[in-house]
Amino acid sequence: MSGKSVSSVSSVSSESDPESYTGAPDEPHGPTPESYDVFRDPWGIPHLRASDELELARAQGRVTAFDRAWQLEVERHRAEGSSASFLGPDSVVWDRFARQSRLADTARLCYEAMEADDPATSAWVRAYVDGVNEGMAAGAARDERFARTGLAPSPWDPWVPLAIWVATHILFAGFPTKLWRERVARALGEETLTLFATDGPRIAGSNGWMVPGDRTTTGAAIIAGDPHRFIEDPGVYQQIRLSCPEYDVLGLAVPGVPGLAHFGHTGSAAWAITNAMSDYQDLYVERLRRGGDGAAVEALGPDGVWEPVARHTETIAVAGGDDVEVEILETARGPVIVHADGDPGTATGADSRTGTGTGTAGSADGSTWTLSLRYPPRVRRDLGFAALPALLRARTVADIDRALDGWAEPVNVVHAADTEGGLLHRVAGAVPLRHDTNRLRPVPAWEPEHAWQGWAPTPAEPVQGFAVMANARGIASPLGVEFAPPHRADRIRELLSGSADWSPKAMADVHRDTYLASAEPLLALLPGFEELTPAAQELRTRLLAWDRRMEAGSTDATLFSALRTATVRRLAADPVFADLAGAPAGPAVFHPWLHLVPKIGYALEGLLTSSLVPELDRAAHVRAALEETAAANSPDTPWAEVHRLTPWQAVPDPDAPEWPGLGGDHDCVNATSSVPGFTDLTARASAARYVWDLARREDSLWAVPLGADGVTGTPHHRDQLPLWARCELVPVVTDWTRLTKESI
């Protein structure tokens, strides 16, 4: 198979008005191209048409490399634990974790199993990688960051897309929270184990809703929503269309991974996901011993027998710093990701809760424990990639349902609909059956009751009325511990209930909603305060009259955030939390889960209403925070002036224009997450927005935070940003005659 190179990116005529496009009926495929063709819509989004699905996968890889070579190489190196080789010492923390948790090795094992058991899927993945390798040189030549960092692209192995996938999702289930719960229980007592359950933002969440045909203007279902992730530049989702004689599908791809795993529309069926908030990764406290030479290591197994531990060392190359040697250990439970005392030479640990073992007593944050990580892809040798080409071929909800039966990582809640009226609401993914304690905290590796005992069934339920998924308790409740508060889900249901004739365009109003229901517990305390200063009385009156909307132009929203910040900081300084207030120990990659101030910020609603920790004088802290906020005498400032986007960039662009201010907050439907008590800036928000119309796919809508092109300064690098910031969507274009064909 000879793929055709993309030699240039054609610009769209200046006479084209992107916002005027509403799409047109899909053009029949017509003559089958000899290999593949590349088209662009007015937003630079690639539409690929190929002679067969392998050529199409190759085209997807090649065009992605052309558009996003820098992003692909950053993600590859992060998955392999080698990003410090060009990004410098700050990346060593991640690289050490990636190597110790065996991310790349897990991908290799999964690909080898796929080659043996599913050669068709492995060939499809290999075709994508072939395309990446063909397009990488041209893509790298477009991006000055390669020269700036001295990074030279190198050929991808066929398992690299799997490595990118597992690296992207290894922290989705939030297993470091188990270290935090252990720390809380030790500091405040066992009964407080879940005191800080916010049920708050994790690495990723999402909104999603499905409106059946009896509530739409067309009589067909609409699926809409937005995944919430850390916003990155380039963006973590790629708008793309994939067409061949077997199928014609558009959706949101993960750059570096073939197909459309999370969000897609085949014309006759569509699907979308949210994070199920399931718990499917375990931390085991290991008791290890070494031989006299230090090279031979053994772990105490659940049958009381000392078992051999796989051991080797690897070296992390560091740009601008010394190389770092990393010891890699793996027990029968999984890779060791925390060494006792942070010292690879003292791999001992015990669990003081059991009263067994020798060595250092377990600490509340794992710093004097040796911990191994057990996660499903490494156990099963399967990432569920067989579902990816199957989803592209789906014509009905039943097809999507069957494809997702093989899904593995991460665990998702799924909505799907088809043009025949079929609807689907289910969970997909691999969740182990094991002792309930495993889901809450690190558990002793030597106790047999903590072993995995097979896999949990994935729940499904019929769709009655509209279906909503927003990381809250619901269909996935049996599989998790902490979920998002119900506010986003409840608000979406309330908004959807207000109409029985929804259209795709009307869905933008749901996306942009900024009502903050979680403000209530804090504001509810204000009326009870007596003998306030005049300034505090005036502030109280103003906040109680506030409409609870975190609108971009609202000055009251800014004042509320200031009160919330002062409250969080005062609570964090209370002596009752003294044992939780210190800097976290253990690997720095887990520290975002172990800092007290963010934990209080996200759990504030529950902390203010909980009967636990009765010695905490909540009202006194809120009263003092009200006086403090009033005394600051800050001028009225619109929320968007302090609530600005701050995306992650592997190499910051010193010449980048200022990022926009945003409306919304972490419990709003427009979920632009700040870190209450720490910063009003937002790094986590909607990584894409979509509206899939099952009546006419060309009436569907979507948007991403930046644009289709990953190269800084190009016309389509940030052209969707102003619209995204206002929660506006761009039309999906499906008519091939309205696209611009590239020179190839």
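About the thresholds
- Residues numbered from 1 in each chain as written.
- Predicted model: local features only at pLDDT ≥ 70, side-chain atom pairs only at ≥ 80, totals over all residues.
- Heavy atoms only, no water.
- Salt bridge = Lys/Arg side-chain N within 4 Å of Asp/Glu carboxyl O.
- Buried < 20%, exposed > 50% of the residue type's maximum accessible area, 1.4 Å probe, protein only.
- Helix = DSSP H or I, 4+ residues; strand = E, 2+ residues; numbered from the N terminus.
- Pairing = 2+ DSSP bridges.
- Core = buried A, V, L, I, M, F, W, Y, C linked by side-chain atoms within 4.5 Å.
- Contact = heavy atoms within 4.5 Å.
- Phe/Tyr/Trp six-rings, centres within 6.5 Å; stacked < 30°, edge-to-face > 60°.
- Lys NZ or Arg CZ within 6 Å of the ring centre and 35° of its normal.

Peer 1: Residue-level account of the pattern of salt bridges, with values.
Peer 2: A full pass over the atoms with the stated rule returns 50 salt bridges. A salt bridge links Asp105 to Arg102; the nearest nitrogen and oxygen atoms lie 3.5 Å apart. What makes Asp105 buried here is its relative accessible area of 18%. Across the pair Asp105 and Arg378 runs a salt bridge, and its minimum N-O distance is 2.8 Å. Note that Asp105 is positioned in helix α4 (residues 103-117) and Arg378 in helix α9 (residues 376-380), a separation of 273 residues in sequence. Salt bridges here are not isolated pairs; linked through shared partners, they connect Arg102, Asp105, Glu330 and Arg378.

Peer 1: Describe the pairing of strand β5 (residues 238-244), and please don't skip the residues or the numbers.
Peer 2: Judged by how many residues are buried, β5 sits mostly within the fold: 7 of 7 residues are covered. In terms of strand pairing, strand β2 (residues 46-50) meets β5 through 3 bridges, oriented parallel. Within the sheet, the bridge partner assigned to Leu48 lies in β5 and is Leu242. As judged from the 7 bridges shared by β5 and strand β6 (residues 247-253), these two strands associate in the antiparallel manner. By the bridge assignment, Ile240 is partnered in β6 with Gly251. Hairpin connection from β5 to β6: 2 residues lie between these consecutive antiparallel strands.

Peer 1: Before we move on, could you go through the nonpolar core and cite the residues and values that matter?
Peer 2: Residues Phe196 and Phe577 are the most contacted members of the largest nonpolar core, which totals 169 residues. With 10 residues, helix α1 (residues 53-80) is the largest single contributor of residues to this core. Phe196 has contacts with Trp180, Val184, Leu188, Phe577, Leu580, Leu596, Lys599, Ile600, Ala603 and Leu607, leaving out every residue within four places of it along the chain. Within the second largest apolar cluster, 19 residues are counted, among which are Trp209, Ile222, Phe466 and Ile492.

Peer 1: So what's going on with the pairing of β2? Which residues, and what values?
Peer 2: Judged by how many residues are buried, β2 sits mostly within the fold: 5 of 5 residues are covered. The pairing of strand β1 (residues 36-40) with β2 spans 5 bridges and is antiparallel. Along β2, the bridge assignment pairs Tyr36 with Ala50.

Peer 1: How would you summarise the packing of aromatic side chains if you had to cite specific residues and measurements?
Peer 2: Summed over all chains, the structure comprises 17 aromatic pairs. Geometry around Trp648 places Arg78 over its ring, the cationic atom sitting 5.8 Å from the centre. Across from the ring centre of Trp659, 4.0 Å away, lies the NZ or CZ of Arg718, which sits over that ring.

That is the geometry; function is a separate question.
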